[in-house]
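# Chain and residue survey
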Amino acid sequence: MGEAGAIVGGHIDRNELRQDLYVPTREDETLTDFFVDEYTEDGRLLVITGSAGDGKSALLSRAYKQAQAEGHPLDESHICMDATASDSKHETYDAALKRFLDRAEERRASGRGSRSGIAINLGLAIDFFDRQGHAEEFPEIWAGIDQVRTEREYTDPEANIEVLNLGHRKLYETAPGHLGEGLLESIVEKFAFEDPQSPFHDAFRREQDRCPNPKDCPLHFNAAQFAKPIVREQITRLIAASGIIETAYLNPRSILDKISSMILPPSLQRVDEAGDCPVGAAIDPKRVSPEVLLWNSVFDTLGSSGEENAGYIDPAAHSSVSLDQELLGWGADRDRLRELLGETPLIETADVATKIRTALRRVYLLDESVVSGSIQTKLETDTFQEFIGALTYLNQSDTDESETSVSSSHSTEVLDTVITSLQGWSGSTNESDYIEFVDGVKSTDYRFLSKWTQPTPDQDESVRQTTEETTPGQMWIVLKPEGTDVTVPVPVTFELYQLMGQIGMGYNPNALDMERSEGMRLIQSRLSEFTNKHELVRVVNKLDEELFRVREAGFDDIEIVSGDHR
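For the structure given in this document, a descriptive report is provided here. Counting restarts for each chain, with residues numbered from 1 along the sequence as it is written. Owing to the predicted nature of the model, reporting of local features is limited to residues with pLDDT of at least 70; listing and counting of side-chain atom pairs is limited to 80 or more, with chain, interface and lining totals taken over all residues. Only hydrogens and water are removed before side-chain values are computed, so all heavy atoms of the structure are retained for them.

## Quick notes on the sheet that holds strand β13 (residues 558-561)
At least two DSSP bridges between two strands are needed for those strands to be called paired. In this description a helix means any DSSP run of H or I spanning at least four residues, a strand means any run of E spanning at least two, and both kinds are numbered starting from the N terminus. Read across the sheet, 5 strands follow the order β6-β7-β11-β12-β13 without closing on themselves; strand pairing throughout is antiparallel. The open sheet has two free edges, formed respectively by β6 (434-437) and β13, since each of these has just one partner strand. Averaged over all adjacent pairs, the angle separating strand axes in this sheet is 25°, with direction ignored. As paired elements, strand β7 (residues 446-451) and strand β11 (residues 536-541) share 4 bridges and run antiparallel to each other. Residue pairing across strands places Phe 448 opposite Val 539, the latter belonging to β11. Between the N-to-C directions of two axes lies an angle of 0 to 180 degrees, each axis being a line fitted to C-alpha atoms and, for a helix, fitted only over the stretch in contact.

As structure tokens, then:
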């Protein structure tokens, strides 16, 4: 379920479980209007694009079935659920796709006949229309698809076409205090096994009765823990935070994949013992480790895609003096540790370190106050709250859809951090307000310095570029250097924002970011634009001794000064 590599079928989805897992969004209303409420025989074409797993086929399938229920003369041949499908094993996908489009185009261009709908991956559409040259045959269709590369939807009544890009659909709120709310939260709530409205409720109850070892079965344990509202709330926040921190694109399929992997980790998926419940029948601490328990599988699942950033959301990766002392106490007091672990299977024979790590994660997911001070991840820090507050404020693409709002205070704090870090980017110099920049031929024997000039933030342009940004978790702070009409966009991810905070405290960015991230390289290349290098440049050696300076003279001339001699 939700497997990342799953392939959608080229037919109308009639799977009951998938239908029950479906969460309606604003796009459903658009398709209901298109195929049901406002349906007419005008040959109009609807194109749904996006990435694999966005729910294109599911959305189109539901709309088609609604149209059928209303008695509209919409034939299944007028709906292309999968642009990679073909009708015979000897036919290529592009031939089948062209045949469908030829028919749909004829109705669209004439303005007569049944309406049509197609779900097509954006990358596949670009390949078919742009690279294979079919854009000339279907110019109106390609124009619409090309338009939604940076927009959520496109409608052209004169061209008789409408295009949706699910890649721009809002999956969750990013505002502080509301992180994860929205479609993400609704998908997670489908796994509330104790809720009679959950599509898994009946199966969960039935399998509990059939399991040969329900008390020690990690699958039933995980499902029972996931059924707790506070656990689902915490996991929702963690999934959203992981997407922001890793700048990773999430969609319904990938979310389902993460949730199912938490509840039934890969090692349990491979259990093939006979019996009504193969997992329960195969339980043996020598074969199944405590890592399959929900308390651990949540963080293993979210950390599998980016090991470097996994520690940001794992309480076991954070430390403080008070927490370290508390954990040492847990190791010394076995009764206390057993109490914190609760009724947890597979844990009795584990080593002390595993028990402590599992207990710490359990306490965090249950939001229990068992230590002096709170158990934290990066989610609870001021730095992360500032970042997601500014991200929400600057990303105004879905203000009509969001039920939350934030003030500009977070963006002001982020702006101050960005500007301060830029000023200290090259490290300290002997003369106040002079910064090093890369210009001309870089050498280890000398460096260029010029006086820092305070830039002016361009809020409108920052909002525009952040709103159009397709990389999740990235905002743009656009600055205008003093005395110029030039704007310098600075890309800010959470990882880079943390780095900027450290630079503001005097750390050297080259020591902190040894791999020189793309954002680092971009900032380094444009650092000189925040100086008055056109008026004065100092050239110093490795000992910060000034070799000479070049400054602006009259009549478009320059003056070179070395020490006290001209």
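We are not done yet, so read on.
## Focus: the side chain of Asp 82
Relative to the helices and strands, Asp 82 is located in the loop between β2 (79-80) and α4 (93-110). Exposure classes here rest on a 1.4 Å probe applied to the protein chains alone. A residue is buried below 20% of its type maximum, exposed above 50%, and partly exposed in between. Residues scored as charged are limited to Lys and Arg (positive) and Asp and Glu (negative), so that His and the chain ends carry no count. A side-chain nitrogen of Lys or Arg and a carboxyl oxygen of Asp or Glu constitute a salt bridge if their distance falls within 4 Å. The buried charged residue Asp 82 lacks any salt bridge, with Lys 56 as its nearest oppositely charged partner at 8.1 Å. Polar contacts, as counted here, are pairs of nitrogen or oxygen atoms within 3.5 Å of one another; within protein the pair requires one atom able to donate a hydrogen and one able to accept it, and residues that are adjacent in sequence qualify only if both atoms are side-chain atoms. Reaching out from Asp 82, the side chain makes a polar contact with the side chain of Thr 84 at a distance of 2.7 Å.

## Comments concerning the pairing of strand β4 (residues 153-156)
In this structure, β4 lies alongside strand β5 (residues 161-165), joined through 4 bridges in antiparallel fashion. By the bridge assignment, Asp 156 is partnered in β5 with Ile 161. What sits between the antiparallel neighbours β4 and β5 is a turn of 4 residues, in which Asn 160 has the positive phi angle 65°.

## Thoughts on α4
With 18 residues, α4 should cover 26 Å at 1.5 Å per step; its first-to-last C-alpha distance of 26 Å lies within 8% of that length. Where α4 is buried, its residues touch β1 (45-50), β2, β3 (116-121), α5 (122-131), α6 (139-147) and β5. Of the residues one or two after α4, Gly 111 is the one with positive phi, at around 75°. For a helix, the expected span equals 1.5 Å multiplied by the number of residues minus one. What makes two residues a contact is simply this: any of their non-hydrogen atoms within 4.5 Å.

## Side note on unusual backbone geometry
As a rule of thumb, non-glycine residues mostly have phi less than zero, and peptide bonds are mostly trans rather than cis. Positive phi outside glycine occurs at Thr 247, with the angle close to 45°. Looking at where Thr 247 falls in the secondary structure, it is placed in the loop between α10 (229-245) and α11 (252-263). With a phi angle near 70°, Leu 346 is a residue other than glycine that sits in the positive phi range. Tracing the chain through its elements places Leu 346 in the loop between α17 (334-341) and α18 (352-365).

## Describing the side chain of Lys 258
By the element assignment, Lys 258 lies in helix α11. Within the buried set, Lys 258 has no salt-bridge partner at all; the shortest N-O distance to an opposite charge, 5.8 Å, is to Glu 246. In this view, Lys 258 contacts Ile 239, Leu 250, Thr 301 and Leu 302; residues no more than four positions away in its chain are not counted.

## Quick look at a negative patch on the surface
A cluster of acidic residues, Glu 482, Glu 535, Glu 552, Asp 556 and Asp 557, forms a negative patch on the protein surface. When its relative accessible area of 52% is taken as the criterion, Glu 482 is described as exposed. Patch building starts from residues that exceed 30% relative accessible area and form no salt bridge, then joins like charges within 9 Å and nonpolar side chains (Val, Leu, Ile, Met, Phe, Trp, Tyr) within 5 Å. What sets the accessible areas is the Shrake-Rupley method with a 1.4 Å probe; for residues, cover comes only from the shown protein chains. In this description, the location of a charge corresponds to atom NZ of lysine, CZ of arginine, CG of aspartate or CD of glutamate.

## A look at the pattern of salt bridges
Scanning the model with the defined rule gives 24 salt bridges in all. Across the pair Glu 140 and Arg 108 runs a salt bridge, and its minimum N-O distance is 3.3 Å. Taken as a pair, Glu 140 in helix α6 and Arg 108 in helix α4 lie far apart in primary sequence, 32 residues in all. Given the relative accessible area of 30%, Glu 140 is considered partly exposed. For the salt bridge of Glu 468 with Arg 464, the shortest nitrogen-to-oxygen distance reads 3.1 Å. Here Arg 464 and Glu 468 lie together in helix α21 (residues 459-468), a separation of 4 residues that amounts to about one turn.

## Points about empty space enclosed by the protein
With a 1 Å grid laid over protein atoms only, a set of points is called a cavity when a 1.4 Å probe fits there but cannot get out and a pocket when it is open yet has protein on both sides within 12 Å along at least five of seven lines; lining residues have an atom within 4 Å of a point. Grid points are joined across faces, edges and corners, and a volume is the space filled by probe spheres set on the points. The full count for this structure, using the stated rule, is 1 cavity of 30 Å³ or more. Considering the residues around the largest cavity, the lining is formed by Leu 422, Val 488, Pro 489, Val 490, Leu 522, Ile 523, Arg 526 and Phe 530. Every element with two or more residues in the lining of the largest cavity is listed here: β10 (488-492) and α24 (518-526). Amino acids are sorted into nonpolar (Ala, Val, Leu, Ile, Met, Phe, Trp, Tyr, Cys and Pro), charged (Asp, Glu, Lys and Arg) and polar (every other residue, Gly among them). Of the residues belonging to the lining of the largest cavity, the class tally is 7 nonpolar, no polar and 1 charged.

## Here we look at the packing of aromatic side chains
Pairing of aromatic rings covers Phe, Tyr and Trp, the last through its six-membered ring, and needs centres within 6.5 Å; plane angles under 30 degrees mean stacked, over 60 mean edge-to-face, and all others mean tilted. Applying the stated rule across the entire model yields 16 aromatic pairs. Taking 6.3 Å as the distance between ring centres and 75° as the angle between the ring planes, the aromatic pair formed by Phe 191 and Phe 193 counts as edge-to-face. Exposure remark for Phe 193: the relative accessible area of 7% places this residue in the buried category. These aromatic residues form a ring-pair network of at least three members: Phe 191, Phe 193, Phe 200, Phe 204 and Phe 226.

Coordinates in, geometry out; function isn't part of it.
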